[in-house]
Amino acid sequence: MKTMFRSVARHRVLLAGFAFGVLLVSTPARSAQTIGKAQVFDYAWLKGQARALAEQDYVDHEGEMPEQLKSLSWDDYQQLRYDKKHALWRDTDALFRGELFHLGLYFQTPITVYQLEDGQAEELAYDRDLFDYGESGVKGRKLPKDLGFAGFRYQFHSDWQRDVVAFLGASYFRAVGAEMQYGMSARGLAVDTAVPEGEEFPLFTHFWLETPKPGSDTATVYALLDSPSVTGAYRFDITPGETLTMTVDAAIYPRQSIHRLGVAPLTSMYMIGENSRRTHWDWRPEIHDSDGLLMHTGGGEWIWRPLVNPANLRFNAYADENPKGFGLLQRDQDFDHYQDDGVFYDRRPGVWVEPIHDWGPGSIQLVEIPTLDETFDNIVAFWNPAKPVEAGQELLFSYKLHWGTQRILPSNQAQVVNTFTGLGGVVGQRREYFSQRFVVDFAGGLFPMLGGETTVEPVITTSAGRVEITSARPQHAIDGYRAMFDVVPPDGSSEPINLKVYLAIDGRPVTETWVYQWTPPPADQRDLRNPGHL
């Protein structure tokens with residue numbers, strides 16, 4: 001009978017310079033066994049391997065595992081737990097411990113994991129005794145000895161039970177800040193997101209987990225990325241804290257030209273929010289991991305783009321050169337706005353991307369995909385270089401990822417704290433035509449210090465239609481100001497309209513810039529909702 005798994009020599013990419021034996025080796029400092037002899041490793045070597053791999057044909061190993069692991073339900077897969085007594089570095093002075101994820105369910109491509117110490121790398125051996133199979137129905141003794149792993153996670157000395165970071169599935173990874181709450185994800189790379197021909201999902205196929213230095217609060221991980229279009233070498237320096245910081249170094253080697261390369265991609269979920277209630281049937285007022293995209297442009301402008309759950313896929317590109325940062329954030333951290341005491345959306349961490357060097361011209365791109373369910377990640381944001389991506393190039397990117405509920409605030413400028421939308425018009429007067437009301441609240445900055453004689457004015461621009469009934473008035477409850485205006489769309493047009501607003505004093509901006517994309521309803525669905533007494 002044909003097996004669904006591979007031998008050691010077949011199921012791993014054979015990297016030049018690494019020859020594996022079959023001897024299992026154990027050392028006092030390790031809780032897991034290793035395969036073969038230690039081999040010299042450094043990041044320069046890894047980049048060389050990624051470059052060499054890009055010159056070879058891609059080999060796909062998805063699904064090469066026993067059938068009993070493929071047919072697991074989500075609940076069954078959750079039963080496959082790593083035994084904590086075998087945690088990496090458990091018996092050392094390291095401030096981190098590592099655990100491995102089992103293959104199964106959605107995670108069907110075996111990956112190779114090495115332990116790295118003093119420049120020497122040893123492959124970690126899959127061992128059925130590393131896992132507790134619970135009530136999953138998986139018969140561990142029937143699994144092959146060379147099965148491989150799906151990913152890994154770390155705990156920090158402040159809490160050995162809960163994770164601070166996890167890498168699992170394709171090139172996805174997640175981390176937590178002080179709230180110890182998982183939320184949105186990041187990826188190593190995005191390829192052709194929202195392209196009609198379909199998206200490609202590169203995979204971290206090999207990881208090198210460096211043994212943390214005693215007492216060090218930083219752990220280092222190396223990874224090899226592979227896909228039909230591209231390979232890459234990655235280094236992650238991970239430092240937990242109130243805001244967890246990752247310093248990422250990536251060397252990317254295209255196998256072929258790539259239409260849309262996404263650097264530092266972030267993936268999140270937005271289903272229901274204060275400004276977007278298309279899926280209004282859930283009892284909770286808001287359901288989202290992130291509520292907006294914040295951008296700090298190379299020119300110094302701060303831009304806040306509230307997210308939406310659109311009726312159709314939306315793609316927006318914000319051109320820039322050498323951006324100072326961007327991120328998907330959960331600004332609204334008020335439990336009362338969510339009322340979710342199960343998954344706690346109010347505690348979800350945002351992720352801020354901070355380039356370490358100049359990235360040149362390109363654009364921050366935002367993809368919003370319709371969703372009817374909160375388990376589907378429908379928001380993607382990333383940096384797309386303007387220069388065409390061709391085979392044979394080496395693309396180098398270094399950046400920091402900041403994970404947590406930290407407030408990324410523009411200096412001396414107020415930030416957007418609320419966005420509301422609804423039917424326009426004047427209360428108590430009959431509507432003669434359709435318009436949409438937009439309400440944007442700004443707080444912070446100079447507003448708490450303003451005297452009553454200061455005039456604050458809204459600066460509003462629109463790509464189509466006309467703006468009317470504009471105002472800016474104090475909102476003392478938030479120490480801020482509220483901008484309010486209506487947009488009258490062109491007759492019969494349902495083309496998206498781009499809006500832009502900031503508040504100014506004497507012509508000088510005193511807030512970040514709010515940008516938004518609104519799609520008017522079709523002409524036959526523009527109900528004026530006039531009451532019978534008007």
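On a predicted model such as this, the values are computed, not experimentally measured, just so you know. (Residues numbered from 1 in each chain as written. Predicted model: local features only at pLDDT ≥ 70, side-chain atom pairs only at ≥ 80, totals over all residues. Heavy atoms only, no water.)

Draft legend 1. Spotlight on the overall build of the chain. Assigned secondary structure in the chain consists of four helices and 35 strands. A compact globule built from 534 residues would reach a C-alpha radius of gyration of about 24 Å, and the chain, at 26 Å, matches this within 12%. With the C-alpha coordinates of the chain rotated into their principal frame, the extents come out at 85 × 45 × 45 Å. In the chain, buried positions account for 54% of the 534 residues. (Helix = DSSP H or I, 4+ residues; strand = E, 2+ residues; numbered from the N terminus. Rg over C-alpha atoms; globule rule 2.2 N^0.38 Å. Buried < 20%, exposed > 50% of the residue type's maximum accessible area, 1.4 Å probe, protein only.)

Draft legend 2. Expanded view of helix α2 (residues 43–54). Compared with an ideal rise of 1.5 Å per residue, which puts twelve residues at 16 Å, α2 spans 17 Å between its outermost C-alpha atoms and is within 8% of the ideal. Within α2 the residues assigned to the buried category are Tyr-43, Trp-45, Leu-46, Gln-49, Ala-50, Leu-53 and Ala-54. Where α2 is buried, its residues meet β13 (203–210), β14 (219–226), β15 (230–239) and β16 (244–254). Where α2 begins, the side chain of Asp-42 points an oxygen toward the backbone nitrogen of Ala-44, at a separation of 3.3 Å. (Expected span 1.5 Å × (residues − 1). Contact = heavy atoms within 4.5 Å. Polar contact = N/O pair within 3.5 Å; in protein donor to acceptor, adjacent residues only side chain to side chain.)

Draft legend 3. Summary view of the packing of aromatic side chains. Within this structure, the stated rule accounts for 42 aromatic pairs. For the pair Phe-173 and Phe-236, a centre-to-centre distance of 5.3 Å together with 70° between the ring planes defines the contact as edge-to-face. Separated by 63 residues along the polypeptide, Phe-173 in strand β10 (residues 172–175) and Phe-236 in strand β15 bring together distant segments of the chain. Of the two residues examined, Phe-173 and Phe-236, each falls in the buried class. Taken together, the aromatic side chains of Trp-89, Phe-96, Phe-152, Tyr-154, Phe-156, Phe-167, Phe-173, Phe-204, Phe-207, Tyr-234, Phe-236 and Trp-403 make up a single cluster linked through ring pairs. The ring of Phe-315 has Arg-260 lying over it, and the distance from NZ or CZ to the ring centre is 4.0 Å. A cation over an aromatic ring shows up here: Arg-466 above the ring of Tyr-433, its NZ or CZ 5.1 Å from the ring centre. (Phe/Tyr/Trp six-rings, centres within 6.5 Å; stacked < 30°, edge-to-face > 60°. Lys NZ or Arg CZ within 6 Å of the ring centre and 35° of its normal.)

Draft legend 4. Layout of the environment of Thr-211. Its place among the elements puts Thr-211 in the loop between β13 and β14. Taking the C-alpha atoms as reference points, Thr-211 and Val-221, ten residues apart in sequence, are found 9.3 Å from one another. Setting aside residues up to four positions removed in sequence, Thr-211 forms contacts with Trp-89, Gln-115, Leu-116 and Glu-117. A polar contact is formed between the side chain of Thr-211 and the side chain of Trp-89, at a distance of 3.3 Å.

Draft legend 5. Molecular detail of unusual backbone geometry. Unusually for a residue other than glycine, Ala-170 sits at a positive phi of about 50°. Take Ala-170: it is sitting in the loop between β9 (159–168) and β10. Its relative accessible area of 24% is what places Ala-170 among the partly exposed residues. Phi is positive for Asp-506, close to 55°, though the residue is something other than glycine. Along the chain, Asp-506 falls in the loop between β33 (497–505) and β34 (508–509). We classify Asp-506 as exposed; its relative accessible area is 78%.

Draft legend 6. Main features of the pairing of strand β25 (residues 361–368). Most of β25 is tucked away: seven of the eight residues are buried. Across eight bridges, strand β22 (residues 314–321) lies against β25 in antiparallel orientation. Within β25, the residue paired with Tyr-318 across the bridge is Ile-364. Sheet topology note: the β25/strand β26 (residues 379–385) ladder contains seven bridges and is antiparallel. The residue of β26 that forms the bridge with Val-367 is Val-380. (Pairing = 2+ DSSP bridges.)

Draft legend 7. Representation of the side chain of Arg-97 within the structure. By secondary structure assignment, the location of Arg-97 is in strand β4 (residues 96–101). If we ignore the near neighbours within four places in the chain, the residues touching Arg-97 are Ala-87, Leu-88, Trp-89, Arg-90, Arg-153, Tyr-154, Gln-155 and Trp-160.

Draft legend 8. Just the sheet that holds strand β31 (residues 466–475), in detail. The strand order across the open sheet formed by four strands is β28-β29-β32-β31, and the pairing between neighbours is antiparallel. Each end of this open sheet is capped by a strand with a single partner; those strands are β28 (415–423) and β31. Across this sheet, the average inter-strand angle for adjacent strands is 15°, counted without regard to direction. Relative to strand β32 (residues 480–488), β31 is paired through eight bridges, and the arrangement is antiparallel. Residue pairing across strands places Val-467 opposite Val-487, the latter belonging to β32. (Axes fitted to C-alpha atoms, helices over the stretch in contact; angles between N-to-C directions.)

Draft legend 9. Quick look at the environment of Arg-162. Positionally, Arg-162 belongs in strand β9. Taking the C-alpha atoms as reference, Arg-162 lies 19 Å from His-402; in sequence the two are 240 residues apart. Look past the residues within four positions of Arg-162 in its chain and what remains in contact with it is Gln-155 and Met-180. In this structure the side chain of Arg-162 is engaged in a polar contact, spanning 2.7 Å, whose partner is the side chain of Asp-159.

Draft legend 10. Examining the side chain of Asp-486 more closely. By secondary structure assignment, the location of Asp-486 is in strand β32. By relative accessible area, Asp-486 is classed as buried at 0%. Of the polar contacts made by the side chain of Asp-486, one reaches the backbone nitrogen of Gly-425; its length is 2.8 Å. A polar side-chain atom of Asp-486 sits 2.2 Å from a polar atom in the side chain of Arg-437. Setting aside residues no more than four positions away along its own chain, Asp-486 makes contact with Gly-424, Gly-425, Ser-435, Gln-436, Arg-437, Arg-466, Val-467, Glu-468 and Ile-469.

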